[in-house]
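# Breakdown of the fold
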Amino acid sequence: MLFADTDPQTEAVLINLLRQASPARKLAMVAELNDTVQTLALTGLRQRFPAAGSAELQRRLADLLLGADLARQAYGPVTWESVDDH
């Protein structure tokens, strides 16, 4: 049982469908989930930093997804002024 709030028969159907999915479909599902995570993270960043521009939001997203050290290595130092909220 994977999901406590799901009927066991329904869960069995879901697991069976996932097992039958092609590798390409499974990869597509993972890509869709990644896109959703990024969208949700950007939405949260927009709420926390309403004055931030697109470049700043993308850099903050990189910090979330990659960690500050790797994001700095990949994209350079932070360019916005208020880093203490970071």
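Residues numbered from 1 in each chain as written. Predicted model: local features only at pLDDT ≥ 70, side-chain atom pairs only at ≥ 80, totals over all residues. Heavy atoms only, no water.

## A look at a nonpolar patch on the surface
- Together, Val-37, Leu-64, Leu-65, Leu-66, Leu-70 and Tyr-75 make up a nonpolar patch on the protein surface, roughly 590 Å² of accessible area in all.
- For the nonpolar patch, the secondary-structure elements that each account for two or more residues are helix 3 (54-66) and helix 4 (68-75).
- Considering each element in turn, the nonpolar patch owes the most residues, 3 residues, to helix 3.
- Along the polypeptide, Val-37 turns up in helix 2 (residues 23-48). (Patch = residues over 30% accessible without salt bridge, like charges linked within 9 Å, V, L, I, M, F, W, Y side chains within 5 Å. Areas by Shrake-Rupley, 256 points an atom, 1.4 Å probe, with all protein chains shown as cover. Salt bridge = Lys/Arg side-chain N within 4 Å of Asp/Glu carboxyl O. Helix = DSSP H or I, 4+ residues; strand = E, 2+ residues; numbered from the N terminus.)

## Here's the deal with the packing of aromatic side chains
- Counted under the stated rule, the structure contains 0 aromatic pairs.
- Here the guanidinium or amino end of Arg-60 rests over the ring plane of Phe-49, the centre of that ring lying 3.6 Å away. (Phe/Tyr/Trp six-rings, centres within 6.5 Å; stacked < 30°, edge-to-face > 60°. Lys NZ or Arg CZ within 6 Å of the ring centre and 35° of its normal.)

## Quick word on the pattern of salt bridges
- In total, this model carries 4 salt bridges according to the counting rule given.
- Of the charged contacts in the structure, one is a salt bridge between Glu-32 and Arg-25, with a shortest N-O distance of 3.5 Å.
- Judged by relative accessible area, which is 45%, Glu-32 ranks as partly exposed.
- Here Arg-25 falls in the partly exposed class, since its relative accessible area comes to 39%.
- One salt bridge in this structure joins Asp-69 and Arg-72, with 2.5 Å as the shortest N-O distance. In this pair, Asp-69 and Arg-72 both sit in helix 4, 3 residues apart, roughly one turn of the helix. (Buried < 20%, exposed > 50% of the residue type's maximum accessible area, 1.4 Å probe, protein only.)

## Quick word on the packing of helix 2 against helix 3
- It is the contact of helix 2 with helix 3, at a shortest axis distance of 10 Å, that shows an interaxial angle of 120°. Taken as axis vectors, helix 2 and helix 3 run oblique relative to one another. The two elements helix 2 and helix 3 meet at a crossing, and its hand is right-handed. From helix 2, Gln-38, Ala-41, Leu-42, Leu-45 and Arg-46 reach across to helix 3, where they touch Leu-57, Gln-58, Arg-60, Leu-61, Leu-64 and Leu-65.
- Across the contact of helix 2 with helix 3, the residue classes tally to 7 nonpolar, 2 polar and 2 charged. (Axes fitted to C-alpha atoms, helices over the stretch in contact; angles between N-to-C directions. Parallel < 35°, antiparallel > 145°, perpendicular 65-115°, else oblique. Left-handed = near helix turned anticlockwise from the far one by under 90°. Contact = heavy atoms within 4.5 Å. Nonpolar A, V, L, I, M, F, W, Y, C, P; charged D, E, K, R; others polar.)

## Here we look at helix 3
- The terminal C-alpha atoms of helix 3 lie 18 Å apart, and with 13 residues this matches the ideal 18 Å at 1.5 Å per residue to within 8%.
- Within the sequence span of helix 3, burial applies to Leu-57, Arg-59, Arg-60, Leu-61, Ala-62 and Asp-63.
- On its buried side, helix 3 packs onto helix 2 and helix 4.
- In the stretch just after helix 3, Gly-67 is the one whose phi turns positive, near 95°. (Expected span 1.5 Å × (residues − 1).)

## Looking at the environment of Gly-44
- Counting through the fold element by element, Gly-44 comes out in helix 2.
- Separated by 25 residues in the primary sequence, Gly-44 and Arg-19 have C-alpha atoms spaced 34 Å apart.

Any functional reading would require information beyond the geometric quantities listed.
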